[in-house]
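The primary structure of each chain is shown beneath.
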Amino acid sequence: MSTIPPVPGPLSEDVAALLRAVHDALDLPLPGLTDQDEREHYRLLIDRAAGARVVLACVLERNHALGSSAAYLRGRTETAPVTYTPWEDKGDPA
């Protein structure tokens, strides 16, 4: 018999801000068609994932404040923008 976990109540503002910052850091557009675009996408994703992991570890293991951790990650994300050409769906060529 499968049990469905209870639906959590509304998130606090600080929790929602931290989750949004992690989401936004990792939500990268797919790379364009060149090898260079793929390499840049990979490097940026690895860098942002590492930043998110460190922030989450600090919150979970060192009790850093959620709000300031979210602000730090958001600032770190802003200083590492997408510089590659994102993939574009050109539609069906037929």
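Structure: above.
Peer 1: I keep staring at a nonpolar patch on the surface and nothing clicks. Help me out?
Peer 2: Together, L30, L33 and W87 line one region of the surface with nonpolar side chains, adding up to about 380 Å² of accessible area. Looking at the element boundaries, W87 is found in the segment after α3 (66–78).

Peer 1: I tried to follow the pattern of salt bridges on my own but got confused; where do I start?
Peer 2: Side chains bearing opposite charge may pair, as long as their charged atoms lie close to each other. Enumeration over the complete set of coordinates arrives at four salt bridges. Taking the shortest distance from any N to any O, the salt bridge between R20 and D24 comes out at 3.6 Å. Of this pair, R20 and D24 both sit in helix α1 (residues 13–26), four residues apart, which is roughly one turn of that helix. The class for R20 is partly exposed, based on a relative accessible area of 46%. One salt bridge in this structure joins E88 and K90, with 4.0 Å as the shortest N-O distance. With respect to burial, E88 and K90 carry one shared label: exposed. Counted as one network, the salt bridges with shared partners bring together R20, D24 and R74.

Parameters at a glance
- Residues numbered from 1 in each chain as written.
- Predicted model: local features only at pLDDT ≥ 70, side-chain atom pairs only at ≥ 80, totals over all residues.
- Heavy atoms only, no water.
- Patch = residues over 30% accessible without salt bridge, like charges linked within 9 Å, V, L, I, M, F, W, Y side chains within 5 Å.
- Areas by Shrake-Rupley, 256 points an atom, 1.4 Å probe, with all protein chains shown as cover.
- Salt bridge = Lys/Arg side-chain N within 4 Å of Asp/Glu carboxyl O.
- Helix = DSSP H or I, 4+ residues; strand = E, 2+ residues; numbered from the N terminus.
- Buried < 20%, exposed > 50% of the residue type's maximum accessible area, 1.4 Å probe, protein only.

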